[in-house]
Protein chains: 2
Amino acid sequence: MDLTERKLKILQAIVSDFIRTAEPVGSRTLSKKYDIGASAATIRNEMADLEEMGYLTHPHTSAGRMPSDKAYRLYVNSLMGKYVIPEEEKKAISSQLESTITELDKTLNHASELLSQLTKLTSFVMTPKEDDNTLKYVNVLPVDDNTVVLMIVAKNGRVVNTALRLKNGYDPDSLELMSKVLTRSYRGRSMSSMLTVDIIEDINREAGRLGKLAKDLAPSFRAVLEEMLDVDLYINGLEHIFSIPEYADLERARDFMDIVRRKKEMTRYLLDRESGMIVTIGSENDLEPLKDYSIITATYSVNGRPVGKLGVVGPTRMKYSEITSVIEYLTQNLDRTFGLPEGDEDDE
Amino acid sequence: MDLTERKLKILQAIVSDFIRTAEPVGSRTLSKKYDIGASAATIRNEMADLEEMGYLTHPHTSAGRMPSDKAYRLYVNSLMGKYVIPEEEKKAISSQLESTITELDKTLNHASELLSQLTKLTSFVMTPKEDDNTLKYVNVLPVDDNTVVLMIVAKNGRVVNTALRLKNGYDPDSLELMSKVLTRSYRGRSMSSMLTVDIIEDINREAGRLGKLAKDLAPSFRAVLEEMLDVDLYINGLEHIFSIPEYADLERARDFMDIVRRKKEMTRYLLDRESGMIVTIGSENDLEPLKDYSIITATYSVNGRPVGKLGVVGPTRMKYSEITSVIEYLTQNLDRTFGLPEGDEDDE
DNA sequence: TGTTAGCACTCATGCAATCCGAGTGCTAAC
DNA sequence: GTTAGCACTCGGATTGCATGAGTGCTAACA
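Residues numbered from 1 in each chain as written. Chains lettered and ligands numbered in written order. Predicted model: local features only at pLDDT ≥ 70, side-chain atom pairs only at ≥ 80, totals over all residues.

Draft legend 1. Representation of the overall build of chain A. A count of helical and extended segments in chain A gives 13 helices and 10 strands. Computed over the C-alpha atoms, the radius of gyration of chain A is 26 Å, more than 25% above the 20 Å expected from 2.2 N^0.38 for a compact globule of 348 residues. Along the longest, intermediate and shortest principal axes, the C-alpha atoms of chain A span 90 × 45 × 35 Å. Per-residue burial for chain A yields a buried fraction of 40% across its 348 residues. Intrachain contacts of chain A at a sequence separation of at least 6 include 62% that bridge at least 24 residues. (Helix = DSSP H or I, 4+ residues; strand = E, 2+ residues; numbered from the N terminus. Rg over C-alpha atoms; globule rule 2.2 N^0.38 Å. Buried ≥ 20, exposed ≤ 12 C-beta atoms within 10 Å, placed from the backbone. Contact = placed C-beta atoms within 7 Å.)

Now the structure itself:
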């Protein structure tokens, strides 16, 4: 059987209507509200065909039709129109994201908040994967007799630091020397390879008198590196659960919350996705508990390198057109914010 | 009318039972399950008295009694027993909170997660109020030609930093000089007073040649200070909404989520509370939307100074005894983690 | 005078019966 | 191939009814 012009028209109408109302669409509604050019009875015949072809389903005999995952897929690929973001919304996004302060985590989280506000769905953002980032320098700074701040700066400007209490006191000169030695030894090394270095041994060789300090620092040094390499997942807009008819009963709502809160699993799944704008619909998701949901993700870049993803999760019935446009615009803005100041890929 | 021995016994039984089951308690249940030493009929009479006195209510004629806020208050003040935390739970708390890395925000958030796990309620924690903290030093560190890291360290070891893009490039020497001058000028000043300084003018006076850099840094400098002074509120354990019978219908659950998400309002309300272990029950809360909920907060200290609060929010029916004990133990542990290494209140 | 047994009464809850209407599938006519 | 008409289906809302937990009150008892 063929997807005739008219069948496509009907399918499109059903998908749009269902996305809007979340109610199964009947043949009469369709013939009245949409310009199909055929009577309800004809539409009924067509709908029966479309159901046979796997594009529509039927919650029960006397209900209207609703789209299957296959229908959404067709809709996303070729039926849906391009959503034009209103100028004012664009301005709101841009202005909210630009700032002289490039605190990465904050900005990302902010972007995700924005995304959930705009889409009225639950959104998420992954912190960058820094594996192929390289170390720029290490700083050990005195705070007081027993407290120092250990700070690691990566080439792309990412900074992670922590205050730590040391068992022994050290003079500022030792700390400064330590910073110098550490930086000299490790500058330019990839972050991921740093996890395997033995700083105690390296320091002993380079500057024997810092041995004790190195021993004190080693575990924290590793912990800070780990934190930098760790991919975090921020979730925003959970409250929208309560406005989405699909989650109207508590069982479903809890189900959704459970999934989203399993961050480890989600992170792994999201990391595995391809780059760019990716839409996965219901059963297309490999992860079992996600088979009732759709996910849209896009990739953002830091210094021109794609390093992280952000997106939304929601019921398969979502405004694909609108959402993809918003996400696209959002990532473009992020890329600019995190971009190189003026294209200088320096290596110093 | 007097609160006789027997009335207290009955009241206590009702409160305990209701806290456990969330079901109105009937006279027969009471006479069977608790050792009151009176028949159901007598208990009924007593219950009628207690209701008249305002300790009990009645969802409808043919239902059992449930405690009023007044009853919970009496229960918390004098009826409830002391909950003894099992040794293994204590150990779990201690071990989860101790770590060489004193990353304040992380540890606090962790504590709140722990709290929500243990109480099966929604918990929160406020970041410290740093108003009377003083500045220890300022560091401006080069990352690459156009990027620097601005870092401010407070006397209590709190560190806030941000990477920023500058319009102009600066040599490392200027940055180092800037760090020195800023530190020299502002060391020892209270954080809150820092918000009003004019660093452009001060730098121009101290080191004229850094004028341009000062101008570039000024807005970020202020932003970092603001971030340090800002009191954040972390919320954890929202998922428990779905297991608490009081929130069984969506309306109530959404209501709760709305309240908790209004962080500004919550923060203000929490800041105003007294220090120490504070329990407010239902209508005792001044904030209108909180009048159906109970809040328990306690204060934690950094370097021996009480600076922030943490606690739980939930339905008025909560395990007051257990929760207060857990919170108490938790804050004690935090105080130790954030305490002075060995009582040295140095001023360097 | 306080306590208890007994009984009528109340009311939420659960269940079955019923009605209603939106929507379908099929047939027959155009 | 399209359409009008009609019988049929089935979920959802509504109603009525039985059940039982729990109360308040009265009267008898210690």
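Draft legend 2. Main features of the protein's contact with DNA strand D. Close contacts around DNA strand D come from 20 residues, with Thr-42, Thr-61 and Ser-62 of chain A together with Gly-26 and Ser-62 of chain B the closest. When residues of the surface near DNA strand D are traced back to their parent elements, those giving at least two are α3 (40–52) of chain A together with α2 (27–33) and α3 (40–52) of chain B. Sort the elements by how many residues they give to the surface near DNA strand D and α3 of chain B lands first, with 4 residues. For the surface near DNA strand D, the class distribution of residues is 6 nonpolar, 11 polar and 3 charged. (Near = placed C-beta within 6 Å. Nonpolar A, V, L, I, M, F, W, Y, C, P; charged D, E, K, R; others polar.)

Draft legend 3. Quick look at the protein's contact with DNA strand C. Neighbouring DNA strand C are 20 residues, the closest being Gly-26, Ser-27 and Ser-62 of chain A together with Thr-42 and Ser-62 of chain B. Looking at the surface near DNA strand C, the elements with two or more residues in it are α2 (27–33) and α3 of chain A together with α3 of chain B. The element best represented in the surface near DNA strand C is α3 of chain A, accounting for 4 residues. Here the residues of the surface near DNA strand C are counted per class, giving 6 nonpolar, 11 polar and 3 charged.

Draft legend 4. Representation of the nonpolar core in the model. The biggest cluster of nonpolar side chains holds 66 residues, and the ones touching the most others in it are Val-149, Leu-150 and Ile-152 of chain A together with Val-149, Leu-150 and Ile-152 of chain B. Counting 58 residues, the second largest nonpolar core, distinct from the first, contains Ile-43, Tyr-75, Tyr-293 and Phe-338 of chain B. (Core = buried A, V, L, I, M, F, W, Y, C linked by C-beta atoms within 7 Å.)

Draft legend 5. A look at the relation of the copies chain B and chain A. In the superposition of chain B on chain A (RMSD 0.1 Å, axial shift 0.1 Å), the rotation amounts to 179 degrees. Expressed as an axis order, the relation between the two copies is that of a two-fold axis. Taking the C-alpha atom as reference, chain B places Leu-250 of chain B closest to the rotation axis, 3.5 Å from it. (Least-squares fit on C-alpha atoms with pLDDT ≥ 70 in both.)

Draft legend 6. Focus on the packing of helix α5 (residues 87–97) of chain A against helix α13 (residues 320–337) of chain A. Residue and element names in this part refer to chain A. Between α5 and α13, the shortest axis-to-axis distance is 10 Å and the interhelical angle comes to 30 degrees. Taken together, α5 and α13 sit at an angle that is classed as roughly parallel. In the packing of α5 onto α13, the handedness of the crossing is right-handed. On α13, the residues that touch Lys-90, Ile-93, Ser-94 and Leu-97 of α5 are Tyr-329, Leu-330, Asn-333, Leu-334 and Thr-337. (Axes fitted to C-alpha atoms, helices over the stretch in contact; angles between N-to-C directions. Parallel < 35°, antiparallel > 145°, perpendicular 65-115°, else oblique. Left-handed = near helix turned anticlockwise from the far one by under 90°.)

Draft legend 7. Representation of the interface of chain B and chain A within the structure. Across the contact, 37 residues belong to chain B and 37 residues belong to chain A. If you list the elements that add at least two residues to the side of chain B that touches chain A, you get β4 (135–144), β5 (147–154), β6 (159–165), α10 (211–229) and α11 (250–261) of chain B. Class assignment for the residues of the side of chain B that touches chain A results in 17 nonpolar, 9 polar and 11 charged.

Draft legend 8. Broad picture of the confidence of the model for chain A. Residue and element names in this part refer to chain A. Residues at a pLDDT of 70 or more form 96% of chain A, whose mean pLDDT is 91. Taking the mean pLDDT of every element in chain A, the minimum, 80, falls on strand β6 (residues 159–165) and the maximum, 98, on strand β8 (residues 278–281). Per-residue pLDDT stays below 50 along residues 342–348; that stretch engages in 5 contacts with residues further than four places along the chain or on separate chains. (pLDDT = per-residue confidence, 0-100.)

Draft legend 9. Highlighting the sheet that holds strand β5 (residues 147–154) of chain A. Residue and element names in this part refer to chain A. What the 3 strands build is an open sheet, ordered β4-β5-β6; its pairing is antiparallel. Two strands in the sheet have a free side with no partner beyond their single neighbour: β4 (135–144) and β6. The average undirected angle you get between the axes of adjacent strands in this sheet is 15 degrees. Here 7 bridges tie β5 to β6, and the two strands are oriented antiparallel to one another. When the bridges of β6 are listed, Thr-147 appears paired with Arg-165. Helix α7 (residues 172–186) rests against β4 and β5 of the sheet, and its axis sits at about 170 degrees to β4. (Pairing = 2+ DSSP bridges.)

Draft legend 10. Here's a closer look at the sheet that holds β5 of chain B. Residue and element names in this part refer to chain B. In spatial order, the strands read β4-β5-β6; together these 3 strands make up an open sheet with antiparallel pairing. Only two strands of the sheet have a single partner each, and these edge strands are β4 and β6. Averaged over all neighbouring strand pairs, the angle between strand axes comes to 15 degrees, with direction disregarded. Packing of helix α7 (residues 172–186) onto the sheet brings it into contact with β4 and β5, and relative to β4 it is tilted by some 170 degrees. Packed onto the sheet, α10 meets β5 and β6 and runs at close to 40 degrees relative to β5.

Draft legend 11. Structural view of the domain arrangement of chain A. Looking at chain A, the domain boundaries give domain 1 (5–79), domain 2 (87–129 + 231–337) and domain 3 (135–229). When each unit is reduced to the centre of its C-alpha atoms, the spacing between domain 1 of chain A and domain 3 of chain A is 63 Å. (Domains from an automatic or database assignment.)

Draft legend 12. Spotlight on helix α1 (residues 5–21) of chain B. Residues and elements named next belong to chain B. Here α1 contains 17 residues, and its C-alpha end-to-end distance of 24 Å stays within 8% of the 24 Å for a straight helix at 1.5 Å per residue. If you check which residues of α1 are buried, you get Ile-10, Leu-11, Ala-13, Ile-14, Val-15, Asp-17, Phe-18 and Ile-19. Those residues of α1 hidden inside the fold are in contact with α2, α3, β1 (56–57), β2 (66–67) and α4 (69–79). One or two positions beyond α1, positive phi appears at Ala-22, with a value near 65 degrees. (Expected span 1.5 Å × (residues − 1).)

Draft legend 13. Just unusual backbone geometry, in detail. Residue and element names in this part refer to chain B. A positive phi is found at Ala-22, a non-glycine position, where the angle reads about 65 degrees. Positive phi is not limited to glycine here, since Lys-120 has a value of about 55 degrees. Among the structural elements, Lys-120 can be located in the loop between α6 (104–119) and β3 (122–126).

Draft legend 14. The environment of Ser-294 of chain A, seen in detail. All names here are of chain A. With respect to the secondary-structure elements, Ser-294 resides in strand β9 (residues 293–302). Its 24 C-beta neighbours within 10 Å are what place Ser-294 among the buried residues. Here the alpha-carbon distance between Ser-294 and Leu-334, two residues 40 residues apart in the chain, equals 23 Å. Ignoring anything within four residues of it in the chain, the contact list for Ser-294 reads Val-279, Thr-280, Ile-281, Gly-282, Gly-314, Thr-316 and Met-318.

Draft legend 15. View of the environment of Met-228 of chain B. Residues and elements named next belong to chain B. Tracing the sequence through the fold places Met-228 in helix α10. Note: C-alpha distance between Met-228 and Ile-152 (76 residues apart in sequence) is 8.8 Å. Setting aside its immediate chain neighbours within four residues, Met-228 contacts Glu-130, Ile-152, Ala-154, Arg-158, Val-160 and Met-191.

Draft legend 16. Here's a closer look at the environment of Val-326 of chain B. Residues and elements named next belong to chain B. Along the chain, Val-326 turns up in helix α13 (residues 320–337). Its 23 C-beta neighbours within 10 Å are what place Val-326 among the buried residues. Linking Val-326 and Arg-165, residues 161 residues apart in sequence, is a C-alpha distance of 45 Å. What Val-326 contacts, discounting residues up to four positions off in sequence, is Ile-85, Leu-115, Leu-118 and Thr-119.

Draft legend 17. Representation of the pairing of strand β10 (residues 305–315) of chain A within the structure. All names here are of chain A. With 8 of 11 residues buried, β10 is to be regarded as a mostly interior element. Where strand β3 (residues 122–126) lies against β10, 4 bridges are found, and the strand directions are antiparallel. Within β10, the position partnered with Ser-123 by the bridge is Val-312. In this structure, β9 lies alongside β10, joined through 10 bridges in antiparallel fashion. Looking across to β10, one finds that Val-302 is bridged to Arg-305.

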